[in-house]
Amino acid sequence: MRLNKIGALLLVGTLGLGLAACSSDKDGDGSGDGKAKGRTVGVANFTLGGPYFNGMDRAIKAQAEGKGVTVISTDANGDAAKLASNVEDLISRKVDAVIISGGPLESAPAALNSLKAAKIPVILVDRKFQTGEYTSWIGPDNQRIGVQDGEFLAKQLPDGGKVAIIKGGPADNSIGLARTNGLKSALGKDSKFTLVEAPDFGNWGSDGGLAVMESLLASHKDLKAVFCENDAMCLGAQRAIANANLSSQIVLAGVDGQLEALQEIAKGGNYVVTGLNSADQIGRLGLDRAIEVLDGKNVEKDTVVDSPQITKQNAQEFIDKSKS
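Residues numbered from 1 in each chain as written. Predicted model: local features only at pLDDT ≥ 70, side-chain atom pairs only at ≥ 80, totals over all residues. Heavy atoms only, no water.

Draft legend 1. The sheet that holds strand β11 (residues 302-305), seen in detail. Read across the open sheet, the six strands follow the order β2-β1-β3-β4-β5-β11; overall the sheet is parallel. The strands lining the two open edges of the sheet, one partner per strand, are β2 (70-75) and β11. For this sheet, the mean inter-axis angle between neighbouring strands, taken without regard to orientation, is 20°. Pairing between strand β4 (residues 122-125) and strand β5 (residues 136-140): three bridges, direction parallel. Bridge pairing in β5 links V125 to I138. Each of β1 (40-45), β3 (97-101), β4, β5 and β11 is contacted by helix α10 (residues 279-294), which is oriented at about 165° to β5, the strand it contacts most. (Pairing = 2+ DSSP bridges. Helix = DSSP H or I, 4+ residues; strand = E, 2+ residues; numbered from the N terminus. Axes fitted to C-alpha atoms, helices over the stretch in contact; angles between N-to-C directions. Contact = heavy atoms within 4.5 Å.)

Written out as structure tokens, the structure is:
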């Protein structure tokens, strides 16, 4: 299902950094009634070590505050064993539901098994685990975002050229793989394009993107475009390209809709496109979904959130919405 209606209502609070938005009672979804008050929802974060995941945690808390729901948030600092321990602690504190923001974690069998045994509903946000039982998942179609970026680059570069790919890692990260596979499906069959995958991972951060881009430029000065699996890495790559005086030659395409990326796109420079993957929107929907489950409502097992393409033509619109 595409959340066209709900997504439009919640888009005011969008962007990967999870900027503050309107309270949930303004959304008009009916889930902010008295039944939600007095409930406690646990949030098990695999990591809060990046703006995207911090933004999602803030969005969940903001949505909960507007509904009178108590949130207990934890941070596993990137340790799967600690995530399982945090979930056990949330269970002992008798939370009514648990939201898991898994970050780059591919599975969390211990955590999911414990929640199942305790009969506590679990909502996955952004990351859908590859194994284990969960109540409901809300997130983007990552492959589609990659396809969108690829299609845009094909139009931007009608004569083709060499396109570099910067991946976040690790090698089995299904979110990153989906985004890159989407790009490849759009460009890989066109003989005018040559795709070059960076051998090193950018680790989803600006500094990592900078380092990987510097390495790429040492052997591929003829690049025409760079695709990064998230905006943070692309912002770092953009700095490396500028330092090499190649900004007029190489364009960039990212994913997430991070505010700094939108600002670069709005300038009309070499950062030309991104696909929205809003931490704020997904986090707020995750809290609402937890309340719906606790209210006994029939909910979708998997809900795909729309990921609009953002270019110079509409970047300012999304920047303005972040300030509403």
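Further notes follow.
Draft legend 2. Structural context of the packing of helix α9 (residues 259-267) against helix α11 (residues 315-322). Interhelical geometry of α9 versus α11 gives an angle of 140° and a closest axis separation of 8 Å. When the interaxial angle is binned, α9 and α11 end up oblique. For the pair α9 and α11, the sense of crossing is left-handed. In this structure, α9 uses L259, L262, Q263, I265 and A266 to contact α11, whose residues at the interface are A315, Q316, F318, I319 and S322. Of the residues contributing to the contact of α9 with α11, the split by class is seven nonpolar, three polar and no charged. (Parallel < 35°, antiparallel > 145°, perpendicular 65-115°, else oblique. Left-handed = near helix turned anticlockwise from the far one by under 90°. Nonpolar A, V, L, I, M, F, W, Y, C, P; charged D, E, K, R; others polar.)

Draft legend 3. Highlighting the nonpolar core. Judged by nonpolar contacts, the single largest core of 31 residues is most densely connected at I166, M213, L216, V226 and I241. For this core, the secondary structure elements donating two or more residues are β6 (161-166), α7 (206-219), β8 (223-228), α8 (231-243), α9 and α11. In this structure I241 touches M213, L217, V226, L246, S247, I250, L252 and N270, once residues within four positions along its chain are discounted. (Core = buried A, V, L, I, M, F, W, Y, C linked by side-chain atoms within 4.5 Å. Buried < 20%, exposed > 50% of the residue type's maximum accessible area, 1.4 Å probe, protein only.)

Draft legend 4. A look at the sheet that holds β6. Across the sheet, six strands lie side by side as β7-β6-β8-β9-β10-β12; this open sheet has mixed pairing. Every other strand in the sheet has two partners, leaving β7 (193-197) and β12 (309-310) as the edge strands with one partner each. Sheet topology note: the β6/β7 ladder contains five bridges and is parallel. Paired with K162 across the two strands is T194, which belongs to β7. Strand contacts of α7: β6, β7 and β8, with the helix running at about 145° to β6, the strand carrying the most contacts.

Draft legend 5. Examining the pairing of β4 more closely. Alternating residues of β4 divide into V122 and L124 and I123 and V125, and every residue in both groups is buried. In this sheet, β4 lies alongside β3 in parallel orientation, the contact comprising four bridges. The residue of β4 that forms the bridge with I100 is L124. The handedness of the β3 to β4 crossover, carried by helix α4 (residues 109-117), is right-handed. (Right-handed = clockwise from strand over helix to strand, strands pointing away.)

Draft legend 6. Layout of the environment of G205. Looking at the secondary structure, you find G205 in the loop between β7 and α7. Distance in space between the C-alpha atoms of G205 and C234 is 8.7 Å, their sequence separation being 29 residues. Once residues within four sequence positions are removed from consideration, G205 is found in contact with A232 and M233.

Draft legend 7. Highlighting the pattern of salt bridges. Applying the stated criterion across every chain yields a total of 17 salt bridges. The closest approach of N and O atoms between R179 and D256, which form a salt bridge, is 3.6 Å. Here the residue R179 occupies a position in helix α6 (residues 174-187), and D256 occupies one in the loop between β9 (251-253) and α9, the gap between them amounting to 77 residues. Taken individually, R179 and D256 each receive the classification buried, so the pair is uniform in this respect. Residue D190 is joined to K192 by a salt bridge in which the shortest nitrogen-to-oxygen separation is 3.1 Å. Owing to a relative accessible area of 23%, D190 belongs among the partly exposed residues under this scheme. (Salt bridge = Lys/Arg side-chain N within 4 Å of Asp/Glu carboxyl O.)

Draft legend 8. Up close: unusual backbone geometry. Cis rather than trans, the peptide bond between G169 and P170 has omega equal to -5°. Structurally, the position occupied by P170 is in the loop between β6 and α6. Positive phi, close to 55°, is recorded for K119, a residue that is not glycine. In this structure, K119 sits in the loop between α4 and β4. Positive phi is not limited to glycine here, since N203 has a value of about 55°.

Draft legend 9. How the structure looks around the layout of surface pockets. The space that makes up the largest pocket amounts to roughly 470 Å³. When residues of the lining of the largest pocket are traced back to their parent elements, those giving at least two are α2 (51-67) and α6. Among the elements that make up the lining of the largest pocket, the one with the highest residue count is α2 (three residues). In the lining of the largest pocket, the residues fall into nine nonpolar, 13 polar and four charged. (1 Å grid on protein atoms, 1.4 Å probe; cavity = no way out; pocket = protein on both sides within 12 Å on 5 of 7 lines; lining within 4 Å. Points joined across faces, edges and corners; volume = space filled by probe spheres on them.)

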